[in-house]
Amino acid sequence: MNTYETPLILFTVLSQLSIGLVAMSTLRQIAGPDIEPNKLRMEWLVAGGVLLAGMIASIFHLGHPGGMVQAITNLGSAWLSREALGTGVFLALLVAGVIIMREKTSLGLIVVTALVGLLVIFSMGMTYSPPSFPAMNNVLPFVFFFITAMLLGASVGVLFSSDTTLPMVSRILTVSLIVGLVVYLIVPCIWLSGGEIMRQTGEQWLASPLYWGRIVIGLALPLAIIWTLKKTPGWLWVIILVGELLGRAVFFANTVHTATNMGGIY
Amino acid sequence: MTKQLGFFVDSERCIGCFTCAMACKNQYHQEKGVVWRKVYPLKEEIYPHKERAFYSLACNHCENPTCLNVCPVKAYYKREKDGLVVHEQEKCIGCGNCIRSCPYGAPQYNPVLKKAEKCSFCHQRIDDGRLPICVLSCPVDAIQMIDLAEVDTTGMVRFAPGFPKQPSLNPSVRFRLPKLPVVVRREDL
């Protein structure tokens with residue numbers, strides 16, 4: 001029943017990269033006023049470009065891409081509508097920031113944009129936690145997406161950090177890698193002791209080469225590199241991005257749907 | 001409770017002949033691979049006998065349907081007069097969110113139209129005073145149309161073994177469980 005859903009893999013990962021990047025710029029701005037407007041604008045330009053690429057990718061998962069604008073019709077109950085609207089607002093704020101913050105940065109705009117980004121991740125988490133996937137019908141999608149935002153935001157954010165804020169961003173990245181490693185190793189093991197569909201999900205994740213690729217390439221290897229080099233290299237984001245894409249492929253392809261066991265034990 | 005039409009799946013009567021599924025296919029001519037009504041054999045872990053038992057299932061026209069709640073374009077609506085959940089295919093943009101979200105696998109993807117579709121409970125037939133085609137076609141009366149507001153639910157099971165329990169959705173389907181097969185031994189004769 002499940003597929004890799006490549007457009008959705010690209011959309012979720014790239015949009016979370018974008019949100020993570022804005023979150024890092026916000027934390028840096030709050031930690032110390034050492035961000036030059038031009039550097040911040042460049043960072044937001046990258047965040048906007050990445051988000052736009054993700055949004056374009058998401059269109060290809062629609063049977064009728066022309067109807068994408070209508071996706072915000074059901075704001076009353078559909079988290080997908082709220083996610084689509086939130087993503088659009090986030091992109092608009094990024095564009096506004098790039099235009100407005102030529103001379104000096106605006107902390108208010110930066111914080112509001114980061115908060116909207118957080119709401120977008122929350123609505124993504126709600127969209128991908130339907131009752132049909134017992135293993136995900138909880139807070140886990142939000143946790144996974146938040147970890148992705150922190151990992152990618154911090155690893156790309158290193159490129160835009162000054163000497164004074166680099167240690168903070170590097171620490172966030174290291175902590176996020178450790179948290180991600182613990183979460184991704186423990187969660188499938190917990191699923192094994194759950195109901196039938198949850199147990200099958202745990203088994204499928206643990207049997208998937210993509211899952212172990214995600215653990216090794218996306219989490220363990222970057223930690224080993226940071227540990228060995230005693231610093232965060234600027235190219236580390238490439239490895240982490242590959243890991244995140246593998247992890248998201250597992251998320252979409254190996255999470256078991258309840259309808260697959262109709263007539264069996266639940 | 002307001003009127004809520006649903007299916008009564010009588011697993012004690014069902015012989016797994018697939019006539020209901022074929023009647024549905026004949027009525028609506030769905031694309032290859034698209035099946036609105038499916039007949040699921042109970043797995044041995046639930047029904048460990050040489051005799052087999054079946055559930056004939058389609059859309060359950062839930063009281064609180066996930067498909068309706070998650071659809072970003074409001075392509076689903078619930079009829080006030082009888083609680084049926086109807087999909088307006090012309091509004092569908094083929095995002096697949098209903099297909100992903102329904103725990104019963106009712107909405108299906110039509111690869112030709114690139115849109116979702118599902119069992120309509122033959123609502124046009126209902127409006128014309130006729131029975132859904134699956135109900136009409138069953139040779140052993142194993143699927144029946146019931147109104148949950150009025151039906152006597154004695155002996156009916158809301159969440160049968162082998163059927164996902166989703167109380168918050170409240171699927172409009174009731175079951176009669178299959179009876180245990182009778183074993184006739186020589187000494188009993």
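Keep in mind the model is a prediction, meaning the values are calculated, not measured. (Residues numbered from 1 in each chain as written. Chains lettered and ligands numbered in written order. Predicted model: local features only at pLDDT ≥ 70, side-chain atom pairs only at ≥ 80, totals over all residues.)

### Some words on the overall build of chain A
The test is simple: Numbering of helices and strands runs from the N terminus; a helix is a DSSP stretch of H or I covering at least four residues, while a strand is a stretch of E covering at least two. A radius of gyration in this sense is built from C-alpha atoms; the matching globule rule multiplies 2.2 Å by the number of residues raised to 0.38.
Within chain A, the secondary structure is distributed over 9 helices and 0 strands. The order of α-helices and β-strands along chain A, N terminus first, is α-α-α-α-α-α-α-α-α. Since a compact globule built from 266 residues should have a radius of gyration of about 18 Å, the 19 Å found for chain A is in line with a globular shape. For chain A, the C-alpha atoms occupy an extent of roughly 65 × 50 × 25 Å along the three principal directions.

### Regarding the overall build of chain B
This is how it is decided: The exposure scheme places C-beta atoms from the backbone and then counts, for each residue, the other C-beta atoms within 10 Å of its own, assigning buried at 20 or more, exposed at 12 or fewer, and partly exposed in between. The contact rule is simple: place each C-beta atom from the backbone, and if two of them lie within 7 Å, those residues are in contact.
Counting its secondary structure elements, chain B contains 5 helices and 9 strands. Put simply, chain B runs from its N terminus to its C terminus through helices and strands in the order β-α-β-β-α-β-β-α-β-β-α-α-β-β. Each principal axis of the C-alpha atoms in chain B carries an extent, and together these give about 65 × 40 × 30 Å. A burial count over chain B gives 45% of its 189 residues as buried. Taking all contacts inside chain B whose residues are at least 6 apart in sequence as the whole, residues at least 24 apart take part in 62%.

### Things to note about helix α6 (residues 166–191) of chain A
All names here are of chain A. To keep things clear, this is the line we draw: Every helix has an expected span of 1.5 Å times one less than the residues it contains.
The first and last C-alpha atoms of α6 sit 37 Å apart over 26 residues, in line with the 38 Å expected at 1.5 Å per residue. Listed as buried for α6 are Val169, Ile172, Leu173, Ser176, Leu177, Gly180, Tyr184, Pro188 and Trp191. Of the surrounding secondary structure, the elements contacted by the buried residues of α6 are α1 (6–31), α5 (140–157), α7 (196–207) and α8 (209–229).

### Describing the sheet that holds strand β9 (residues 173–176) of chain B
All names here are of chain B. Our working rule: Pairing between strands is defined by DSSP: at least two bridges between the two strands are required. Every angle, taken between N-to-C directions, lies between 0 and 180 degrees, and every axis is a line fitted to C-alpha atoms, over only the stretch in contact when it is a helix.
Ordered in space as β8-β1-β9, the 3 strands form an open sheet in which the pairing is mixed. Taken across any chain shown, the strands that pair with only one partner, and hence form the sheet edges, are β8 (143–147) and β9. Taken pair by pair, the neighbouring strands of this sheet meet at an average axis angle of 30 degrees, ignoring direction. One ladder, built from 4 bridges, connects strand β1 (residues 5–10) with β9; its direction is parallel. Its bridge partner lying in β9, Val9 is registered against Phe175.

### Section: the nonpolar core
Rules: The nonpolar core criterion groups buried Ala, Val, Leu, Ile, Met, Phe, Trp, Tyr and Cys residues into a set whenever they are joined through C-beta atoms within 7 Å.
Ala149(A), Leu151(A), Leu152(A) and Ala154(A) are the most contacted members of the largest nonpolar core, which has 63 residues in total. Residue contributions to this core peak at 12 residues, all from α1(A). Leave out the neighbours within four places in its chain, and Leu152(A) touches Gln16(A), Leu17(A), Gly20(A), Trp237(A), Ile240(A), Leu241(A) and Glu244(A). Tyr47(B), Tyr55(B), Val70(B) and Phe163(B) belong to the second-largest nonpolar core, a separate cluster that totals 55 residues.

### Thoughts on helix α4 (residues 107–127) of chain A
In an α-helix, one turn spans 3.6 residues, which is why side chains three or four residues apart end up on the same side. Residue and element names in this part refer to chain A. Here α4 spans 30 Å end to end across 21 residues, near enough to the 30 Å set by a 1.5 Å rise per residue. Within the span of α4, buried status applies to Ile110, Thr113, Ala114, Gly117, Val120, Ile121, Ser123, Met124, Gly125 and Thr127. In this structure, the buried side of α4 is in contact with α1, α3 (79–100) and α5.

### Some details on the pairing of strand β3 (residues 54–57) of chain B
All names here are of chain B. Because side chains alternate across β3, one face comprises the buried residues Phe54 and Ser56, and the other comprises Tyr55 and Leu57, equally buried. Of the strand pairs in this sheet, strand β2 (residues 38–41) and β3 are connected by 4 bridges, and their pairing is antiparallel. Paired with Lys38 across the strands is Leu57, a residue of β3.

### Observations regarding the environment of Ile72(A)
Residues and elements named next belong to chain A. Tracing the backbone shows Ile72 in the loop between α2 (37–59) and α3. Sequence spacing of Ile72 and Ser25 is 47 residues, and the spatial spacing of their C-alpha atoms is 29 Å. In this structure Ile72 touches Ser81, Ala84 and Leu85, once residues within four positions along its chain are discounted.

### Focus on the environment of Leu51(A)
Residue and element names in this part refer to chain A. Locating Leu51 in the fold gives a position in helix α2. Separated by 202 residues in sequence, Leu51 and Ala253 have C-alpha atoms that sit 23 Å apart. If sequence neighbours within four positions are ignored, Leu51 has contacts with Leu14, Ser15, Ser18, Phe90, Leu91 and Leu94.

### Re the confidence of the model for chain B
Detailed reading of the predicted model is not advised wherever pLDDT is low. To keep it simple, the criterion reads: Each residue carries a pLDDT score, the predictor's own confidence in it, on a scale running from 0 to 100.
In this model, chain B carries a mean pLDDT of 96, and residues with pLDDT of at least 70 account for 100%. Predicted complex, confidence summary: ipTM 0.93, pTM 0.94.

### Details of the packing of α5(A) against helix α9 (residues 236–253) of chain A
All names here are of chain A. We count it as follows: These descriptions rest on fixed angle ranges, namely under 35 degrees for roughly parallel, over 145 for roughly antiparallel, 65 to 115 for roughly perpendicular, and the rest for oblique. By convention the crossing between two helices is left-handed if the near helix lies anticlockwise of the far one by an angle smaller than a right angle, and right-handed if it lies clockwise.
Close contact between α5 and α9 brings their axes to 9 Å; oriented N to C, the two are set at 165 degrees. Between α5 and α9, the crossing angle belongs to the class labelled roughly antiparallel. When you trace α5 past α9, the crossing you get is left-handed. Contact with α5, carried on its side by Phe144, Thr148, Leu151, Leu152, Ser155 and Val156, involves Leu236, Trp237, Ile240, Leu241, Glu244 and Phe251 of α9 and no other residues of that element.

### Thoughts on unusual backbone geometry
Residues and elements named next belong to chain B. One non-glycine residue, Lys74, lies in positive phi territory at about 55 degrees. Position of Lys74 relative to the elements: it lies in the loop between α2 (66–70) and β4 (76–78). Taking the C-beta count within 10 Å as the criterion, Lys74 has 16 such neighbours and is therefore assigned partly exposed. The phi dihedral of Asp141 is positive, around 60 degrees, even though this residue is not glycine. Note on placement: Asp141 falls in the loop between α5 (133–137) and β8.

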